[in-house]
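Secondary and tertiary structure notes
Chain by chain, the residues run as shown.
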2 protein chains.
Amino acid sequence: MVDILHRIGVTNSSPDKVYDALTTIDGLAGWWTRDTTGSVEQGGVIAFRFVPGGFDMRVVELTPGERVAWLVVDGPPEWIGTTVTWELKQEGDYTIVLFSHTGWREPNEFMHHCSTKWAIFLMSLKSLLETGTGSPAPDDVMISDWH
Amino acid sequence: MVDILHRIGVTNSSPDKVYDALTTIDGLAGWWTRDTTGSVEQGGVIAFRFVPGGFDMRVVELTPGERVAWLVVDGPPEWIGTTVTWELKQEGDYTIVLFSHTGWREPNEFMHHCSTKWAIFLMSLKSLLETGTGSPAPDDVMISDWH
């Protein structure tokens with residue numbers, strides 16, 4: 001099993017504000033994809049859609065201001081059954097976001113792509129919180145032929 | 001052992017041009033850090049310096065247009081003994097860069113940071129090749145309190 005890991009720091013924010021951006025439809029649509037629908041409650045399923053396809057995530061953990069976890073219940077075969085976890089904390093002027101996407105069965109080329117693309121979307125989250133404007137799909141930063 | 005993996009696609013380029021950006025002082029200084037010195041030949045050591053510190057990489061593999069590998073011989077303790085590998089190939093209009101930084105002993109918070117930061121520098125490499133201008137340190141994109 002191999003994991004995708006990332007860390008960013010957000011200024012002029014707070015763990016509660018980052019938590020809102022991860023747990024509300026408006027927040028998620030502001031940095032990941034504008035086509036975000038579904039239920040953001042514990043046990044609910046959020047549907048994220050992109051030009052190439054999409055992901056359905058079951059919300060499996062919601063600890064306000066601290067931690068959010070999603071289980072991928074539909075999407076590309078490589079994603080199904082994997083887990084996306086967000087850990088939040090304040091360190092000085094920065095709200096630190098520790099991201100992990102764990103449970104990948106093999107480190108294939110698609111996983112390489114998703115790792116880089118997650119970094120780009122984390123920077124979109126950072127931008128949304130710091131400036132009020134993110135770069136969610138379909139206006140996301142292209143990194144390759146795979147979008 | 002845990003790995004950092006990334007994938008980008010570069011347009012209007014070629015595996016040979018990407019290879020040059022990975023194997024010449026001018027190329028490396030154009031996307032990673034302007035403070036790049038040393039020997040880029042097989043067995044040579046390249047010194048990359050940043051505001052917070054730096055890395056010394058021994059060039060352990062040079063296959064023109066295909067593959068480059070570095071062994072970290074000095075730098076942060078977490079980096080020493082790890083390997084950075086670049087694989088290049090052409091797919092249609094895109095030169096694909098498969099990046100891996102392998103041999104991390106544990107998935108600590110610093111590794112999370114380095115994973116995101118590598119993605120940012122890969123986008124700098126892409127920009128250098130596509131537009132002629134990268135964002136090497138000290139003009140790199142800040143991602144957190146850790147630079």
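Residues numbered from 1 in each chain as written. Chains lettered and ligands numbered in written order. Predicted model: local features only at pLDDT ≥ 70, side-chain atom pairs only at ≥ 80, totals over all residues. Heavy atoms only, no water.

1. A look at a nonpolar patch on the surface
- A contiguous nonpolar patch, built from Val60(A), Leu71(A) and Val73(A) and spanning about 180 Å² of accessible area, is present on the exposed surface.
- Checked against the element boundaries, Val73(A) lands in strand 5 (residues 67-74). (Patch = residues over 30% accessible without salt bridge, like charges linked within 9 Å, V, L, I, M, F, W, Y side chains within 5 Å. Areas by Shrake-Rupley, 256 points an atom, 1.4 Å probe, with all protein chains shown as cover. Salt bridge = Lys/Arg side-chain N within 4 Å of Asp/Glu carboxyl O. Helix = DSSP H or I, 4+ residues; strand = E, 2+ residues; numbered from the N terminus.)

2. Describing the UniProt feature "domain: Activator of Hsp90 ATPase homologue 1/2-like C-terminal" (unreviewed entry) in chain A
- The UniProt entry lists residues 13-130 of chain A under the feature "domain: Activator of Hsp90 ATPase homologue 1/2-like C-terminal" (unreviewed entry), expressed in the numbering used here.
- The distance from the first to the last C-alpha atom of residues 13-130 of chain A is 7 Å, and the span holds 31% helix and 42% strand. (UniProt positions renumbered as here; feature names shortened; annotations may be inferred.)

3. Observations regarding helix 1 (residues 15-23) of chain A
- Within helix 1 of chain A the residues assigned to the buried category are Pro15(A), Val18(A), Tyr19(A), Ala21(A), Leu22(A) and Thr23(A).
- On the buried face of helix 1 of chain A, the contacting elements are helix 2 (25-29), strand 4 (53-63), strand 5, strand 6 (83-91), strand 7 (94-104) and helix 3 (109-131) of chain A. (Buried < 20%, exposed > 50% of the residue type's maximum accessible area, 1.4 Å probe, protein only. Contact = heavy atoms within 4.5 Å.)

4. Description of the pattern of salt bridges
- A complete count under the given rule lists 22 salt bridges over all chains for this structure.
- Asp139(A) serves as the salt-bridge partner of Arg34(A), at 2.9 Å between the closest nitrogen and oxygen. In this pair, Arg34(A) sits in the loop between helix 2 and strand 2 (35-38) while Asp139(A) sits in the segment after helix 3, placing the two residues 105 residues apart along the sequence.
- Under the relative-accessibility criterion, Arg34(A) is labelled partly exposed at 47%.
- Residues joined in a network through salt bridges with shared partners are Arg7(A), Lys89(A), Glu91(A), Glu109(B) and Asp145(B).

5. Section: the relation of the copies chain A and chain B
- Under the fitted operation, chain A is carried onto chain B by 0.0 Å of movement along the axis and a turn of 180°, and the coordinates agree to an RMSD of 0.0 Å. Taken together, these values place the two copies in the relation of a two-fold axis. Minimal C-alpha separation from the rotation axis in chain A is found for Ala119(A), amounting to 3.2 Å.
- Take the interface residues of chain A: 100% of them recur as interface residues in chain B, which is what a same-surface contact looks like. (Least-squares fit on C-alpha atoms with pLDDT ≥ 70 in both.)

6. Section: the sheet that holds strand 1 (residues 2-11) of chain B
- Pairing is antiparallel across the open sheet formed by 7 strands, whose spatial order is 1-7-6-5-4-3-2 (chain B). With one partner strand each, in any of the chains shown, strand 1 and strand 2 (35-38) of chain B form the two edges of the open sheet. When the angles between neighbouring strand axes are averaged without regard to direction, this sheet yields 25°.
- Judged from the 7 bridges that link them, strand 4 (residues 53-63) of chain B and strand 5 (residues 67-74) of chain B form a sheet pairing that is antiparallel. The partner of Thr63(B) across the bridge, within strand 5 of chain B, is Arg67(B).
- Lying over the sheet, helix 3 of chain A contacts strand 1, strand 6 (83-91) and strand 7 (94-104) of chain B, oriented at roughly 85° with respect to strand 1 of chain B. (Pairing = 2+ DSSP bridges. Axes fitted to C-alpha atoms, helices over the stretch in contact; angles between N-to-C directions.)

7. Some points on the interface of chain A and chain B
- Counting residues at the interface gives 29 residues for chain A and 29 residues for chain B.
- Buried area between chain A and chain B, both sides added, is near 2400 Å², and the carbon and sulfur share of it is 59%.
- Sorting the residues of chain A by area buried against chain B places Leu5(A), Arg7(A) and His112(A) first, and these three jointly supply 28% of that buried surface.
- Along the contact surface separating chain A from chain B lie 6 salt bridges.
- Salt-bridge contacts for Glu109(A) lead to Lys89(B); the nearest nitrogen and oxygen are separated by 2.8 Å.
- The tally of links from chain A across to chain B stands at 20 residue pairs in polar contact (both at pLDDT 80 or more).
- For the side of chain A that touches chain B, the elements supplying multiple residues, two or more each, are strand 1 (2-11), strand 6, strand 7 and helix 3 of chain A.
- Ranked by residues supplied to the side of chain A that touches chain B, first place goes to helix 3 of chain A with 10 residues.
- Across the side of chain A that touches chain B, the residue classes break down as 15 nonpolar, 7 polar and 7 charged. (Buried area = accessible area lost by both parts, 1.4 Å probe. Polar contact = N/O pair within 3.5 Å; in protein donor to acceptor, adjacent residues only side chain to side chain. Nonpolar A, V, L, I, M, F, W, Y, C, P; charged D, E, K, R; others polar.)

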